[in-house]
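These are the residues of each chain, in order.
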Amino acid sequence: MHPFSNIGRFAFSLFVGLFIGLGIAHGQQAADAIAPEFGKTRQSNSLVQGKSQMIAAAHPDAAKAGMAMFDKGGSAIDAMIATQLVLGLVEPQSSGLGGGAFLVYHDAASGKTITLDGRETAPLAADENLFIGPDGEAMKFFDAIVGGRSVGTPGTVALLEEAHQRFGKLAWADLFEPAINLANDGFAVSARLNQSIQGSSESLFSNEAARAYFFSEEGVPIFEGTKLKNPAYAETLSAIAKDGAKAFYSNEIAEDMVKVIQSSTNPGLLSLEDLAAYKVIEREPVCFEYRTYYICGMGPPSSGALTLGQIFGMLEKHDLAALGPSNAESWRLIGEASRLAFADRGRYMADTDFVKMPKGLLNKAYLDERSKLFDLDVVDGKLLDTPAIQPGNPPSDHSLLFADDNALELPSTSHFSIVDSSGNVVSMTTTIENGFGSRQMVRGFLLNNELTDFSFTPEIGGIPVANRIEPGKRPRSSMAPTIVFKDGKPWAAIGSPGGSRIIGYVAKTLIALIDWDMDVQAAIDLPHLVNRFGTYDVEENSAAEDFAPALAGMGYKVQSRNLNSGLHGIVISQDGLLGGADPRREGVVFAK
Ligand code: GLU
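Residues numbered from 1 in each chain as written. Predicted model: local features only at pLDDT ≥ 70, side-chain atom pairs only at ≥ 80, totals over all residues. Heavy atoms only, no water.

(A) Here's a closer look at the confidence of the model for the protein chain. Residues at a pLDDT of 70 or more form 88% of the protein chain, whose mean pLDDT is 89. Predicted confidence is poor over residues 1-42, with pLDDT under 50, and the contacts of this stretch with residues over four places away or in other chains come to 79 contacts. (pLDDT = per-residue confidence, 0-100. Contact = heavy atoms within 4.5 Å.)

(B) Representation of the sheet that holds strand β22 (residues 558-561) in the model. Within the open sheet, the three strands sit side by side as β20-β21-β22. Their pairing is mixed. Whereas interior strands pair on both sides, the edge strands pair on one side only; in this sheet they are β20 (529-531) and β22. Each strand axis lies, on average, 25 degrees off the axis of its neighbour in the sheet, ignoring direction. Sheet topology note: the β20/strand β21 (residues 536-539) ladder contains three bridges and is antiparallel. For L529, the partnering residue across the bridge sits in β21 and is V538. Strands in contact with helix α16 (residues 328-348) are β20 and β21; relative to β20, the strand with the most contacts, it is inclined by about 35 degrees. (Pairing = 2+ DSSP bridges. Helix = DSSP H or I, 4+ residues; strand = E, 2+ residues; numbered from the N terminus. Axes fitted to C-alpha atoms, helices over the stretch in contact; angles between N-to-C directions.)

(C) Representation of the pattern of salt bridges within the structure. In total, this model carries 23 salt bridges according to the counting rule given. Its salt-bridge partner being D453, residue R119 comes within 2.8 Å of it at the nearest N-O pair. You can see R119 sitting in the loop between β4 (112-118) and α4 (141-145) and its partner D453 sitting in the loop between β15 (445-446) and β16 (459-460), a full 334 residues away along the chain. Of the two residues, R119 and D453, neither departs from the other in class, the shared state being buried. (Salt bridge = Lys/Arg side-chain N within 4 Å of Asp/Glu carboxyl O. Buried < 20%, exposed > 50% of the residue type's maximum accessible area, 1.4 Å probe, protein only.)

(D) Quick peek at the site of the ligand. The ligand sits among 16 residues. The nearest are S412, T413, E433, D453 and S478. Measuring from an oxygen atom of the ligand, one finds a backbone N or O atom of S478 at 2.6 Å. Contacts to the ligand include G498, whose backbone N or O atom sits 2.9 Å from an oxygen atom. Its residues assigned to classes, the shell around the ligand shows five nonpolar, six polar and five charged. (Near = heavy atom within 4 Å. Polar contact = N/O pair within 3.5 Å; in protein donor to acceptor, adjacent residues only side chain to side chain. Nonpolar A, V, L, I, M, F, W, Y, C, P; charged D, E, K, R; others polar.)

(E) Geometry of the packing of helix α3 (residues 76-90) against helix α5 (residues 156-167). Remark: α3 packs on α5, axes separated minimally by 9 Å, with the N-to-C direction vectors making an angle of 160 degrees. Classified by the interaxial angle, the pair formed by α3 and α5 is roughly antiparallel. In this structure, the crossing between α3 and α5 has a hand that is left-handed. Residues I77, D78, M80, I81, Q84 and L85 of α3 form the contact with α5, whose participating residues are T156, L159, L160, A163, H164 and F167. (Parallel < 35°, antiparallel > 145°, perpendicular 65-115°, else oblique. Left-handed = near helix turned anticlockwise from the far one by under 90°.)

Right, dumping it as structure tokens:
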């Protein structure tokens, strides 16, 4: 019997999720898709249709603030800024002024796709031993995170200003109004924020301001539904609204950040010089073809688009559309392509301003050759084994002597997608790294722990790790804000939080959109199966678990786990905009 013949039992919930909620048919099918077991863990959101303006983001208050900018005649970039500023208030555990971000932006007027790198930098005083303890060993991950040590120079505020100067229409100060008002008047604490506080209670106590803000006087996490005010955040925003990003990178706000970082237990090295020297960098987007589509995203220091490009390059010759999402062979191919790409990612990808990277990581011949590694495993349709894999030798103009990186990335972060009525498209992933970042709160916002995205170990057996810490360097990221083009025009914007699993979440969603012809909500809903290092993670309490026996039979070690993506995407169709929000978090799509 086919191991997934019980897929049919999900058909009813699939119909409920896809069609009753929508009330529309739009020519896209998802009929044989594996559907999540709606009701067991979550409800699906309904696909949202819009005419010309749309925001898909992690929190209703944030999307609402963005839409308010549209009402005032603002652009997608204006909406992006208002959305980000409110996210920093209502979803403070994920992103904010104290963090970094990558923006992938399609500018309709010039037809150009621009990527802005607002990633944090390592302090100029830091060296490769920042996370090596007194015993000469790498620190434990959480020992490194909490406190000032893990804080990199925040980039988000500089990114917002740069994007506004180039593509904003409204006055800078107007973009701050919704967040300032909400911070002064109070917002309702969401279930997710309450749970996140509970989950980080102990570490949040390490910082007096965080303790006072997120807990009652008795030390109880603030309840869901509590109206929470953040006057300190309102004040910080007012200063930046008035004087621009320099109010953040110099004077009192900067001095307070440095004070907290340098005086915390587990102090850090970030200084006023680091803040004053911070620069947003415009980088060439990393783009690749997949079937009739052209996919663009963020290049190094992110590994997002390059790893996706490798995965899609290796998958292209396989007919995933014919195989379909209910076939374990599809997931074997996706898993193999993914773990091969992750092997190269671990060895070669890092901040290219500091480290030379092979130029041929997306070379077609290289990827074709590499994909033969997973062809060979199958004899008569049966996978014999899942052999250990090694990074490849991509075409390069320099020697490739790097040891593999072991940086851990744990999920928090936020992604939003925006389209405006001029056809401008924003795909932005924004983060303070871990939930609540370094747990250090200053003037109403939290400081990131992005430096723990570096490899803690600078070398292995005398061979340097590409993603080792160096002064001023940006830690390697997995964030993958993406814009997909069809017939030369933007067709979709998508991205997700999720640490290094971001790449798998985005890959799956793009395959569901492109190969399996699903609508964007169905593509987001589709249960996750993610393979980074050979272990196959399947989303717990979903139909993905039904693949476990077949994948185990192929030799994979399979793990059921909570795969908490936060995919927020928009498809620009002939009939208008279609938006989807991840039911695994609290996101929404608003449209007009
Ligand atoms: N810090 C991670 C990165 O930049 C993202 C963390 C997350 O998504 O939770 O890749």
